Amino acid sequence: MKRILTLLWAVITVSAHSQSVFIDGYINNAQGNPVNLSIDRNYLGINPDVISTKTNEGSFSFALNEQKACIATLSYGADSCPLFLAPGDTLHLAFTADLLNITLQLSGNAAGENLFMKSFRKNFADSLNDSLMSNKMLTTGIDAFEINIYNSRKREMDYFKADSSYKTFSTAFKNYFTNLVNYRYWSLLLSYPIVKANS
């Protein structure tokens, strides 16, 4: 009986550990500001859970218990960085205070997916900029606009599949990114008549 209980405890412990997400990091020139992690489990940006921690000589860490993939935003001072997190992930961040997005370095098993997202946001900044896209709606006919965003969606998916880490991306991340690109396409297309009507 004792062996069975020990085995059961081991299974529960391993199962719980497999659901954990561990994030730690080091901030060069840290100035005592808290590090905040805003977790968006429904992908809508509505009522995210916000966790704060203090730095200890520049070091910080978060331990989360996540049952499914989610997106989060790590912020320090005025800087922030979006992250994709999934059960079992470990992620180490290193950056300089006030230069998070310029100096950010990532390692751990979740680094590949998050490095890709960082690269994607940089390379497709214009098509992800709502103000620029609204201006295009006002100055472009519907057919030309639809062709433009259709081609953008294709370029984004080609960029995704051409990434050197694509084969190692999790199914959850592949689904997330594909849904993100498709949602962006449809939201822009369906916003077109509203923006035009309100101009």
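Summary of the structure given here. (Residues numbered from 1 in each chain as written. Predicted model: local features only at pLDDT ≥ 70, side-chain atom pairs only at ≥ 80, totals over all residues. Heavy atoms only, no water.)

## With respect to the pattern of salt bridges
So the rule is basically this: The salt bridge criterion pairs a side-chain nitrogen of Lys or Arg with a carboxyl oxygen of Asp or Glu, the two atoms within 4 Å.
Per the counting criterion, the structure on display carries four salt bridges. Ionic pairing is found between Asp49 and Arg41, a salt bridge with its closest N-O pair at 2.2 Å. Three or more residues are tied together by salt bridges with common partners; here these are Arg41, Asp49 and Glu66.

## Side note on the packing of helix H4 (residues 130-139) against helix H5 (residues 142-162)
Counted only if it meets this: Interaxial angle, 0 to 180 degrees, is taken between N-to-C directions of lines fitted to C-alpha atoms, where a helix line uses only the stretch in contact. Think of it this way: any DSSP run of H or I at least four residues long counts as a helix, any run of E at least two long counts as a strand, and we number them from the N terminus. Each crossing gets its hand from how the near helix is turned against the far one by less than a right angle, where anticlockwise is left-handed and clockwise is right-handed. In what follows, a contact means two residues having at least one pair of non-hydrogen atoms within 4.5 Å. Each residue is assigned to one class: nonpolar for Ala, Val, Leu, Ile, Met, Phe, Trp, Tyr, Cys and Pro, charged for Asp, Glu, Lys and Arg, and polar for all the others, Gly among them.
Running from amino to carboxyl end, H4 crosses H5 at an angle of 145°, the nearest separation of the two axes being 9 Å. The way H4 lies across H5 gives a crossing that is right-handed. Judged by residue contacts, Met133, Lys136 and Met137 of H4 engage Phe145, Asn148 and Ile149 from H5. A breakdown of the residues in the contact of H4 with H5 according to their chemical character gives four nonpolar, one polar and one charged.

## Points about the packing of aromatic side chains
Keep this limit in mind: Stacked, edge-to-face and tilted are the three classes for Phe, Tyr and Trp ring pairs, Trp counted by its six-membered ring, which pair at centre distances within 6.5 Å; planes under 30 degrees apart are stacked, over 60 edge-to-face, the rest tilted. For the exposure calls, accessible area comes from a 1.4 Å probe over protein chains only, and a residue counts as buried if that area is under 20% of its type's maximum, exposed if over 50%, partly exposed in between. Comment: the charge-over-ring label is applied if NZ (Lys) or CZ (Arg) is within 6 Å of the ring centre and within 35 degrees of the ring normal.
Counted according to the given criterion, the structure contains 23 aromatic pairs. For the ring pair Phe116 and Phe177, a centre distance of 5.2 Å and an interplane angle of 75° mean the geometry is edge-to-face. Of this pair, Phe116 sits in helix H3 (residues 111-123) while Phe177 is found in helix H6 (residues 171-197), placing the two residues 61 residues apart along the sequence. With relative accessibility at 1%, the residue Phe116 sits in the buried group. The class of Phe177 is buried, set by a relative accessible area of 0%. For the pair Phe120 and Phe124, a centre-to-centre distance of 5.1 Å together with 35° between the ring planes defines the contact as tilted. For the pair formed by Phe120 and Phe124, the shared burial category is buried. Three or more aromatic residues joined by ring pairs form one cluster here, namely Phe84, Phe116, Phe120, Phe124, Tyr159, Phe160, Tyr166, Phe169, Phe173, Tyr176 and Phe177. The cationic tip of Arg153 hangs over the ring face of Tyr185; the distance from NZ or CZ to the ring centre is 4.0 Å. Over the ring of Tyr166 we find Lys174, and its NZ or CZ is 4.3 Å from the ring centre.

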